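Below are the chains, spelled out letter by letter.
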Amino acid sequence: MARFHTLPRCPLAVQFWLLGLDARRGDLTRLGYRKTPMPTGSSAYTLNFIDRHSLTLHSTGLTLSLPEGELNYERRTGRFTLDGQPILPARGRELARPFLHDHEARILGTHGPHWRESQLGSHALPAPIRRTLPHWQAYMQGLEAQMWQARQA
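Residue indices follow the written sequence of each chain, beginning from 1 at its first position. Where local features are concerned, this predicted model is filtered to residues with pLDDT of at least 70; where side-chain atom pairs are given and counted, the filter is 80 or more; whole-chain, interface and lining totals use all residues. To get the side-chain values, take all heavy atoms of the structure and skip hydrogens and water.

Once their charged atoms are close, side chains differing in charge can pair, the charge on each being opposite to the other. Salt bridges are identified by distance alone: a Lys or Arg side-chain nitrogen within 4 Å of an Asp or Glu carboxyl oxygen. For the structure shown, the criterion picks out 5 salt bridges. The shortest N-O distance in the salt bridge between Arg 116 and Asp 22 comes to 2.7 Å. You can see Arg 116 sitting in helix α4 (residues 115-122) and its partner Asp 22 sitting in helix α1 (residues 12-25), a full 94 residues away along the chain. Accessibility assignment for this pair places Arg 116 and Asp 22 in one class, buried. Two residues, Arg 97 and Glu 94, come together in a salt bridge whose shortest N-O distance is 2.8 Å. Of the two residues, Arg 97 and Glu 94 both sit in helix α3 (residues 89-111), 3 residues apart, roughly one turn of that helix. Given the relative accessible area of 41%, Glu 94 is considered partly exposed. Salt bridges here are not isolated pairs; linked through shared partners, they connect Asp 22, Glu 104 and Arg 116. For helices the rule is a DSSP run of H or I covering at least 4 residues; for strands it is a run of E covering at least 2, with both sets numbered from the N terminus onward. Relative accessibility decides the category of a residue: with a 1.4 Å probe and only protein chains considered, values under 20% of the type maximum give buried, values over 50% give exposed, and everything between is partly exposed.

Laid out in structure tokens, this is it:
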């Protein structure tokens, strides 16, 4: 049985579980992520943005290039670093939020506004994911406004 290493109240536990579903469905590559096989674990998926930012996702965490530096998130420990220096988890989640909101807006734009609800309702969620679901929902607040802005453009 799979073991989940999640930290209490960390919304990224749910986000990474959903990203795993996206990877298995092929949604990451359809959305423009470049898949790179890795020697251990899952493949890495990298999305390059127009403004020289990039987001790399792997089962072990994420790397995000920002004007402030390189943000790294390590799933197992829940630690964030910015240019190699530890930062508070709340600050790391806030720096990653716009990019994860963008990803969610693109997924919902592809599959419809109730896609994530459907996924969360149709899978037997592991207990750690189920427990952190309210924190992920709070983290995703404001996504509706972003989707509305994207439709208007």
